[in-house]
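Take a look at the letters that make up each chain.
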Amino acid sequence: MLYVVITFLWTSILLYLLLGGADYGAGIIELFTSGKNKEVTRKTLYSAIGPIWEANHMWLIIAIVILFVGFPVIYSTMSVNLHIPLTIMLLGIIARGTAFTFRHYDAVVDDMQHIYNTIFAISSFVTPFFLGIIAGSAVSGHIDPNADTFLSAYIFSWLHWFAVAVGLFTVSICGFLASVYLIGEADDDQSRLRFAHKAQFFNIAAVICGILVFIAAYLENVPLMEWVFGNWVGRIAIISATLSLIWMWYLLYQGKIKLLRVLAGFQVTMILLTTTYRHFPNIVILKGGGYLSLMEHAGQEKTMQSLGLALLIGSVFILPALFYLIYSFQKNPLKYNEPH
Amino acid sequence: MNDFIAARSQMALSLGFHIVFSCIGMVMPFFMAVAHYMWLRTDKAVYKNVTKAWSKGVAIFFATGAVSGTVLSFELGLLWPEFMKHAGPIFGMPFSLEGTAFFIEAIALGFFLYGWDRFNKWFHWFTGVIVGVSGLASGILVVAANAWMNSPAGFNFVDGKYLNIDPIKAMFNDAWFSQALHMTIAAFVATGFAVAGIHALMILKGKNVLFHTRSFQIAAIFGCAAALVQPFSGDISAKDVAKRQPAKLAAMEAHFHTEKSASLIVGGIPDEENKRVNYALKLPGFLSFLAHGDFESEVKGLDQIPAENHPPVAITHYAFQIMVGMGTAMMLISALYFMALWKKKKWLESEWLLKLFVAATPLGFIAVEAGWTVTEVGRQPWIINGIMRTADAVTPMPGIAYSFYLFTAVYVSLACVVIFMLYRQIKMVGKLYDKPQL
Ligand code: HDD
Ligand code: HEM
Ligand code: HEM
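This report concerns the structure included in the present document.

What counts, and at which threshold
Residues numbered from 1 in each chain as written. Chains lettered and ligands numbered in written order. Predicted model: local features only at pLDDT ≥ 70, side-chain atom pairs only at ≥ 80, totals over all residues. Heavy atoms only, no water. Helix = DSSP H or I, 4+ residues; strand = E, 2+ residues; numbered from the N terminus. Rg over C-alpha atoms; globule rule 2.2 N^0.38 Å. Buried < 20%, exposed > 50% of the residue type's maximum accessible area, 1.4 Å probe, protein only. Contact = heavy atoms within 4.5 Å. Areas by Shrake-Rupley, 256 points an atom, 1.4 Å probe, with all protein chains shown as cover. Lys, Arg positive; Asp, Glu negative; His and termini not counted. Charge placed at Lys NZ, Arg CZ, Asp CG, Glu CD. Near = heavy atom within 4 Å. Polar contact = N/O pair within 3.5 Å; in protein donor to acceptor, adjacent residues only side chain to side chain. Buried area = accessible area lost by both parts, 1.4 Å probe. Salt bridge = Lys/Arg side-chain N within 4 Å of Asp/Glu carboxyl O. Nonpolar A, V, L, I, M, F, W, Y, C, P; charged D, E, K, R; others polar. Donors = N, O, S within 2.8 Å, 3.2 Å for Na, K, Ca; no water. Axes fitted to C-alpha atoms, helices over the stretch in contact; angles between N-to-C directions. Parallel < 35°, antiparallel > 145°, perpendicular 65-115°, else oblique. Left-handed = near helix turned anticlockwise from the far one by under 90°. Disulfide = S-S within 2.5 Å.

1. Re the overall build of chain B
Right, on to step 1. Within chain B one finds 15 helices and 10 strands.
Right, on to step 2. On C-alpha atoms alone, chain B measures out to a radius of gyration of 23 Å, which is about the 22 Å that the 2.2 N^0.38 rule sets for 438 residues.
Right, on to step 3. Principal-axis analysis of the C-alpha atoms places the extent of chain B at approximately 70 × 45 × 40 Å.
Right, on to step 4. Across the 438 residues that make up chain B, the buried fraction comes to 58%.
Right, on to step 5. The contacts of chain B with a sequence gap of at least 6 include a subset with a gap of at least 24, amounting to 77%.
Right, on to step 6. Counting every atom, chain B has about 17,700 Å² of accessible surface; 66% of that belongs to carbon and sulfur.
Right, on to step 7. Side-chain charges in chain B split into 34 positive and 28 negative, and the spacing between the mean points of these groups amounts to 14 Å.

2. A closer look at the site of ligand 3
Right, on to step 1. Taken together, 25 residues surround ligand 3, and among them His18(B), Ser22(B), Phe62(B), Phe102(B) and Glu105(B) come closest.
Right, on to step 2. Near ligand 3, the surrounding residues belong to chains A and B.
Right, on to step 3. Here Phe21(B) contributes a backbone N or O atom positioned 3.5 Å from an oxygen atom of ligand 3.
Right, on to step 4. Between ligand 3 and Glu105(B) there is a distance of 2.9 Å, counted from an oxygen atom to a side-chain nitrogen or oxygen.

3. Things to note about the interface of chain A and chain B
Right, on to step 1. Counting from both sides, the interface comprises 63 residues of chain A and, opposite them, 64 residues of chain B.
Right, on to step 2. The junction of chain A with chain B conceals about 6,000 Å² of combined surface from both sides, 76% of it contributed by carbon and sulfur atoms.
Right, on to step 3. Summed over the shared surface of chain A and chain B, the number is zero salt bridges.
Right, on to step 4. Connecting chain A to chain B are four residue pairs in polar contact (both at pLDDT 80 or more).
Right, on to step 5. Counted by class, the side of chain A that touches chain B contains 43 nonpolar, 15 polar and five charged residues.

4. Side note on the site of ligand 2
Residues and elements named next belong to chain B.
Right, on to step 1. Around ligand 2, the structure places 20 residues, and the nearest of them are Arg8, Leu15, Glu376, Arg379 and Gln380.
Right, on to step 2. The side chain of Glu376 places a nitrogen or oxygen atom 2.7 Å from a nitrogen atom of ligand 2.
Right, on to step 3. Within the side chain of Thr390, one N or O atom sits 3.4 Å away from an oxygen atom of ligand 2.
Right, on to step 4. For the shell around ligand 2, the element with the most residues is helix α1 (residues 3-42), which contributes six residues.

5. Remarks on the coordination of the iron atom of ligand 2
Right, on to step 1. Among protein residues, the single donor to the iron atom of ligand 2 is Glu376(B) (OE), with a metal-donor distance of 2.4 Å.
Right, on to step 2. Among the secondary structure elements, Glu376(B) is positioned in helix α13 (residues 363-379).

6. Observations regarding the coordination of the iron atom of ligand 3
Right, on to step 1. With respect to protein ligation, the iron atom of ligand 3 binds only His18(B) (NE2), at 2.1 Å.
Right, on to step 2. Its place among the elements puts His18(B) in helix α1.

7. Here's the deal with the packing of α1(B) against α13(B)
To characterise two packed helices, one gives the angle between the axes of the helices and the distance between these axes.
All names here are of chain B.
Right, on to step 1. Running from N to C, α1 and α13 cross one another at 130°; their axes reach a closest spacing of 10 Å. Comparing their axes, α13 and α1 come out oblique. Judged by the twist between their axes, the crossing of α1 over α13 is right-handed. When α1 is examined against α13, the residues Gly16, Ile19, Val20, Cys23 and Ile24 are found in contact with a partner set consisting of Phe365, Val368, Glu369 and Trp372.
Right, on to step 2. Each residue belonging to the contact of α1 with α13 can be placed in one class, and the counts come to seven nonpolar, one polar and one charged.

8. Observations regarding the state of the cysteines
Think of a disulfide as a covalent bridge from one cysteine sulfur atom to another cysteine sulfur atom.
Right, on to step 1. On inspection of all chains with the given rule, the structure shows zero disulfides over all chains.
Right, on to step 2. Considering cysteine sulfurs only, Cys224(B) is the nearest to Cys23(B), which forms no disulfide, with 17 Å between them.

Structure below.
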């Protein structure tokens, strides 16, 4: 059962990165889109994610519940040492979730829209940035269980170049996922072209940020090189991700939308795989070489059994319903002005 | 403000905020399902308009409820890491099932909100019902988790270690049924009265009278039916508390001295130093009856509980009085309303009845907040009753006060925006739905 639970944890994180990520990315694109195109972007965004919006963010909650039920020590260590970035991320989640809904459901359309839009776009950037910081900090070896000053316990645990670089990398991945996704949702050729350009832009940004991550890892003594290239899984994943990237660039303007999406998803999956595979099952790496392992810090037998069972039963209900939801609105996309 | 108080205040604020949205998220789908059903059956446009207008409100409340809930699932760790370290694996079962319930709710909401004119109309109606049922299920589950904090079960506590964990037993602890029942009814009371009150106000103002009358009827019938049974479920809760948490019961009643044939104290100002209650109305024997079903029985007072385990008496007592007061008031209004429905149709058109409902708009939610204050403050100084102290559970991080101020600012502004949006929704009813209808 432990492996079932870990699989669910990893899959929820991946799905949150892919679906929630694309969702954040749409807001990031808005942030990087000039005045007159903003409205088009917004409409495409709405018709693309409106119905599944709420569901995309459930993956985060599932991951958190798995952590605090199944791996309470890991959850509480991260909660203590990464209190500040977690709080900022939460503020981002509040701001973004409410702004998205308010701008759509406000009965009167006036200047308030401008405020909702600004909040939405900014928090779409801040939230994944801090999500990246949290993920980067967890594995960076900066969390110090013996810290005795405020700074070393609560600030330097997350404020360092590696985490910042991972944060930027996460943001660019989100923008990338969203633009690839939105190419298929746009109504006309001009917008499609625009999203294809955006996809290139964020792709280049992701490569640059990726290089920054490696440089920062080197500066901060994070053995990232070893994790990525020190084993066959990592090497194969990275090579196939790179090859698929080249293929994707080739496809970008050819309108092969499904294939593009699959490739983008594949790349992100490979990135998550390489970065987690090598130090599995240690998901938090502490200062001084200690670590928190999913194996050693799992809850007692019965807890894991009932957690695994709850997750399995849950997915029997959730997955078909979710697929049907996505399928229905893919087959027959929402129009922005459709009565609802 | 010290860190411990700040952490407690932040938790209370976040929960007090979330509970409003979760009550609405649990109950409104049922109101909508009724209106929707009436529309599908009778084809009267007004019911369609009611359904659509409500569904927009629900979307706003749902989003706010969802983000505040997401915040809570992190806050449990951010503020109470020591508690979660031990409690997570024990009381996690309802939370993991709740995850499923939320997910289904979110999916069904996608179908419902965006599915107008796209699906078979009964399928569409059904997705609305699913939103309600899964919301209700998540409410019941999360209350079962809270009940575990009042009535810990499903593990052996040996030398500070939590052994032989059994999550299923933990979920079905002694308190879960009475709390879940009382909470579910409370959600219907609070939402019903709030919605009915707002529509009553609009009827009195003479705006879109047909629209608001239909909405009022649906909300009032649900709210009043629930308000009539709520005191009985409260009685079940009180008997339960008397059994498992005598300290909480004593604090609720400001019952300082153990006695037989104990009197029920109504109102009054507890004087914790001199251990008495001033200016209170005393009903001899009634406390014994309420707690144990026997006018003669003995009720444990605070004197039998070590001082370091006393909950704050005044807050718990006031909160309890407020809840019961609101509950009684709403029960009386409900009785009048049902009288009107069955015997005195004339009353239904009279202004005073509507005014009564307008006045009662906030009562249900006040009672909900007060009730939770009883439950949570009455459990102090324990976070897990009898097992772990709240003070031992708090995060070691300093400066929580700033976090509390920040979240207060965020929640206050969010509350303002939600009220503002609701106001605009109501204002627009005329424009959007005031076509010649019938
Ligand atoms: C509309 C809301 C509402 C109304 C009218 C009442 N209550 Fe209540 N009460 C709640 C809403 C609520 C609540 C907020 O939902 C609580 C908090 C925890 C819980 O399970 O329900 C609660 C808790 C609660 C508790 C503590 C349970 C515990 O700690 O386990 C008791 C003893 C009562 N109630 C008793 C009553 C009585 C005797 C009422 C008589 C009129 C009453 N309540 C009306
Ligand atoms: C299932 C739901 C709930 C859970 C799991 C829960 C959990 C907690 C926890 C962990 C604390 C901090 C520790 C403590 O003070 O004992 C707390 C405190 C508190 N909660 Fe709850 N709670 C729940 C529902 C609510 C609701 C709905 C309210 C509504 C108002 C509420 C009001 C409070 C208050 C006022 C405190 C502070 C008590 C004090 O420190 O004196 N709780 N709760
Ligand atoms: C008495 C207390 C509580 C009740 C009755 C309750 C009930 C609900 C309900 C009905 C919803 C659905 C949202 C809606 O329809 O508006 C919801 C959302 C949520 N609640 Fe609570 N809740 C309570 C306390 C808590 C606590 C203590 C937590 C944290 C651990 C929590 C976590 C969540 C989360 C994560 C969501 C968002 C789910 C989504 O996106 O749909 N809730 N809650």
